[in-house]
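As a plain string of letters, each chain reads:
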Amino acid sequence: MVFAVLVVVAVAARVLVLVAYPPALMYLGDSAAYLDQAWRDLWPGDWRPSGYPIFLRILDGPSHVTRIVVVQHLLTLAVAVALYAVAVRAVRRPWLAALAAAPALLAPWVLDLGQFVLADSLFGVLVSAGVAVLAGWRRPRAVAAAGGGLLLGAALCVRTVGYGPLAVAVVVLVADAVAARGAPGARGRRAPLRVVAPVAAFVVAAAVPVGAYAGWSAAEGKGFAVSAHSGFFLYGRVATFADCSTISRADLRTLCDPRPVNQRGAPVRYLWPADSPLRQGHRQIPPGREDLAGTFAHEVVREQPWALVTSSARYLAGYLDPVPYETPQTSRADTWELPTRTTNVLPPEDAHADDGYFVATAVHAPPAGLLAAWSRLSYAPMPLVGLGLLAGLAASLLTAGRTIRARRSPRRAPPPDDAAPAGVGRVFWLAAGSGVSTLVLSSVTSGFDYRYLGAVIGPIALAAVLGVGAFADALRGRTAG
């Protein structure tokens, strides 16, 4: 009943978003580039993977922009239902499962990204769907594992931070295989093949979209890779803290910002403006300087690894701040809040003038004001989300210890191989690992941006709620699920 009410409210909220910001919200540079590529001949993207333009081409998005955002909103609803189903199987408490799925249904960032012509909503849908498919079974069979692999492999072709969820899923599946191989009921001639099959099916299925995309890129002469500009983005990330006194080569020092670290801007300041050290007054990057930027980035990381670690940790902590986290070296928070105006462009002298901004064709005041007020409430629960993740970590450790002791006891029978629902600990690791790994990779390679959190808030919030429930069960001496 609680979940049904939440679904009705979520549908109404999405209708309000569609009414408030027709036909869609656009992000400077990215939205136009996606539509342009989908409109013209597709190619393996230079700056970003082309999975999203392929999605737009399938929808005939450039000719029907409203169709894009309607489909995105419907997809976010569908994966929220899937996450609820996973939570119900894990905790057997419908009200708690509804609470776990509520952010995937109603989080302002989810509503906002669904209205943007941007890859982040689709990326979040694919990651959440992959988590739901893999977590919906106590131990997924090969077919389910292959489905999860296809979804997470496709997510990587939409945004390169998809490497994180892929790696987490492989680790969880391997851990499952090891645990199943060591269980008393797993002994037998066919047992080894049965426990290894899900891992193999996942890897093969994930390799299909990734390999196809990389092969397409290689055929176009851009190398067998999903992204050809990793060094470019990493340069922007490290330029914010690079100590140029450690750089020995004169050509690399031309990429340094001579200002003190506390006066430097966000990573985007070093990538896109013509007056950046990279572009040296040119609109296009001069020949050879992008490769030089990659060399610069790797040398800075080698000389200052701790600076990269500490700055990434600050970004990760910023996502759990109860108020908007915004510094001169982060992206703007209000870009990803449901707006009350048609744009948030800043004057050139502002520290965030080079950050991306949104543009709306129209903003209808009554619903927009209500939605903007809802956006401002999105930050306050984030410290609780962080505590939930820590609680889940503690509960998983306690449960793992009890499981080991139970398996060593000959008087305890092992659980049925496939009949039992997914344990909270396993669901927690899939959901939390997929979401947190996305934030970790984005913090290390790109910087701080709330749209990364908005894309994976569903799995992260699911993990946080399940973590609290699992910790409470562990304290009562029970194994949840």
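- In the nomenclature of an unreviewed UniProt entry, the protein corresponds to Glycosyltransferase RgtA/B/C/D-like domain-containing protein from the organism Frankia alni.

Some thoughts on the overall build of the protein
Okay, so step 1: Helix and strand counts for the protein come out as 18 helices and 2 strands.
Okay, so step 2: By its C-alpha atoms, the protein is 75 × 55 × 45 Å across when sized along the principal axes.
Okay, so step 3: Classification of the 481 residues of the protein by burial places 52% in the buried group.
Okay, so step 4: In the protein, the share of contacts with a sequence separation of at least 24, taken over all contacts with a separation of at least 6, comes to 75%.
Okay, so step 5: Total accessible area computed for the protein in this model is approximately 20,900 Å², and 67% of it derives from carbon and sulfur atoms.

What to know about the UniProt feature "transmembrane region" (unreviewed entry) in the protein
Okay, so step 1: The UniProt record marks residues 65-87, 94-111, 195-216, 384-404, 424-444 and 450-472 with the feature "transmembrane region" (unreviewed entry), using the residue numbering of this structure.
Okay, so step 2: Here residues 94-111 runs as 94% helix and 0% strand, with 24 Å between its end C-alpha atoms.
Okay, so step 3: Taken end to end, residues 450-472 is 100% helix and 0% strand, and its two terminal C-alpha atoms sit 30 Å from one another.

Quick word on the nonpolar core
Okay, so step 1: Counting residues in hydrophobic clusters, the biggest one holds 108 residues, and the most contacted among them are Tyr-21, Tyr-52, Leu-56, Tyr-450 and Leu-453.
Okay, so step 2: Counting residues per element, this core draws most heavily on helix 18 (residues 450-475), which supplies 12 residues.
Okay, so step 3: In this structure Leu-453 touches Trp-109, Tyr-319, Met-382, Leu-439 and Ile-460, once residues within four positions along its chain are discounted.
Okay, so step 4: Within the second largest apolar cluster, 22 residues are counted, among which are Tyr-235, Ile-247, Leu-292 and Leu-308.

As for the packing of aromatic side chains
Okay, so step 1: Across all of its chains, the model carries 19 aromatic pairs by this definition.
Okay, so step 2: Aromatic side chains Tyr-213 and Trp-216 sit 5.5 Å apart centroid to centroid with 85° between the ring planes, which places their arrangement in the edge-to-face category. Of the two residues, Tyr-213 and Trp-216 both sit in helix 10 (residues 191-219), 3 residues apart, roughly one turn of that helix.
Okay, so step 3: For Trp-216, a relative accessible area of 23% puts it in the partly exposed group.
Okay, so step 4: Here the aromatic cluster, defined as three or more aromatic residues joined through ring pairs, consists of Trp-109, Tyr-315, Tyr-319, Tyr-325, Tyr-379, Phe-448 and Tyr-450.
Okay, so step 5: A cation over an aromatic ring shows up here: Arg-48 above the ring of Tyr-34, its NZ or CZ 5.4 Å from the ring centre.

Digging into the state of the cysteines
Okay, so step 1: A complete count under the given rule lists 1 disulfide for this structure.
Okay, so step 2: Note on cysteine connectivity: Cys-244 is disulfide-linked to Cys-256, with sulfurs 2.1 Å apart. Between Cys-244 and Cys-256, the S-S dihedral sits near -125°, and the bridge is therefore left-handed. Of this pair, Cys-244 sits in the loop between helix 11 (230-238) and helix 12 (250-253) while Cys-256 sits in the loop between helix 12 and helix 13 (289-303); the two residues are 12 residues apart in sequence, bridging distant segments of the chain. Cys-256 matches Cys-244 in its accessibility class, with the two residues each being buried.

Quick word on the environment of Phe-3
Okay, so step 1: Counting through the fold element by element, Phe-3 comes out in helix 1 (residues 2-20).
Okay, so step 2: Each C-alpha atom, one on Phe-3 and one on Gly-386, is 23 Å from the other, the two residues being 383 residues apart in sequence.
Okay, so step 3: Those residues in contact with Phe-3 that lie beyond four places of it in its chain are Ala-80, Val-81, Tyr-84, Ala-98, Ala-101 and Leu-105.

With respect to the environment of Ala-333
Okay, so step 1: Note on placement: Ala-333 falls in the loop between helix 14 (305-318) and strand 2 (358-360).
Okay, so step 2: Between the C-alpha atoms of Ala-333 and Phe-448, which are 115 residues apart in sequence, the distance is 9.7 Å.
Okay, so step 3: Each residue touching Ala-333, except ones within four places of it in the same chain, is listed here: Pro-324, Glu-326, Tyr-379 and Tyr-450.

Quick word on empty space enclosed by the protein
Okay, so step 1: Within the structure shown, the criterion is met by 3 cavities of 30 Å³ or more.
Okay, so step 2: Put simply, the largest cavity is a space of about 130 Å³.
Okay, so step 3: In this structure, the largest cavity is lined by 14 residues; those nearest its centre are Thr-76, Val-110, Gly-124, Gly-454 and Ala-455.
Okay, so step 4: Every element with two or more residues in the lining of the largest cavity is listed here: helix 4 (65-91), helix 6 (108-115), helix 7 (119-135) and helix 18.
Okay, so step 5: Tallied by class, residues from the lining of the largest cavity come to 8 nonpolar, 6 polar and no charged.
Okay, so step 6: Taken as a whole, the second largest cavity encloses approximately 40 Å³ of empty space.
Okay, so step 7: Contributing to the lining of the second largest cavity are 10 residues, with Pro-44, Gly-45, Ser-217, Lys-222 and Ala-228 lying nearest its centre.
Okay, so step 8: Within the lining of the second largest cavity, the residues separate by chemical class into 5 nonpolar, 3 polar and 2 charged.

How each quantity is defined
- Starting from 1, residues in each chain are numbered consecutively following that chain's sequence as written.
- Local features are withheld for residues below a pLDDT of 70 in this predicted model, meaning they are given only at 70 or higher, and side-chain atom pairs are given and counted only at 80 or more; totals for whole chains, interfaces and linings count all residues.
- Hydrogens are left out, water is left out, and the side-chain values use all remaining heavy atoms of the structure.
- A run of DSSP states H or I qualifies as a helix once it reaches four residues; a run of E qualifies as a strand once it reaches two. Both are numbered from the N-terminal end.
- Between buried and exposed lies partly exposed: a residue is buried under 20% and exposed over 50% of the maximum accessible area for its type, with that area taken using a 1.4 Å probe on protein chains only.
- Working rule for contacts: check all heavy atoms of both residues, and any pair within 4.5 Å makes them a contact.
- Accessible areas in this description were obtained via Shrake-Rupley with a 1.4 Å probe; residue shielding takes into account the shown protein chains only.
- UniProt positions are given in the numbering used here, feature names are shortened, and annotations may be inferred rather than shown by experiment.
- Buried Ala, Val, Leu, Ile, Met, Phe, Trp, Tyr and Cys residues form a nonpolar core when they are joined through side-chain atoms within 4.5 Å.
- Stacked, tilted and edge-to-face pairs are distinguished by plane angle, under 30 degrees for stacked and over 60 for edge-to-face with tilted covering the rest, among Phe, Tyr and Trp rings (Trp via its six-membered ring) whose centres lie within 6.5 Å.
- Criterion for a charge above a ring: Lys NZ or Arg CZ within 6 Å of the ring centre, and within 35 degrees of the ring normal.
- Any two cysteine sulfur atoms within 2.5 Å of one another count as a disulfide.
- Residues are called lining when one of their atoms sits within 4 Å of a cavity or pocket point, these points coming from a 1 Å grid over the protein atoms alone, where a cavity is a set in which a 1.4 Å probe fits but cannot get out and a pocket is an open set with protein on both sides within 12 Å along at least five of seven lines.
- Grid points are joined across faces, edges and corners, and a volume is the space filled by probe spheres set on the points.
- By the convention adopted, Pro, Cys, Tyr, Trp, Phe, Met, Ile, Leu, Val and Ala count as nonpolar, Lys, Arg, Asp and Glu as charged, and the other residues, Gly among them, as polar.

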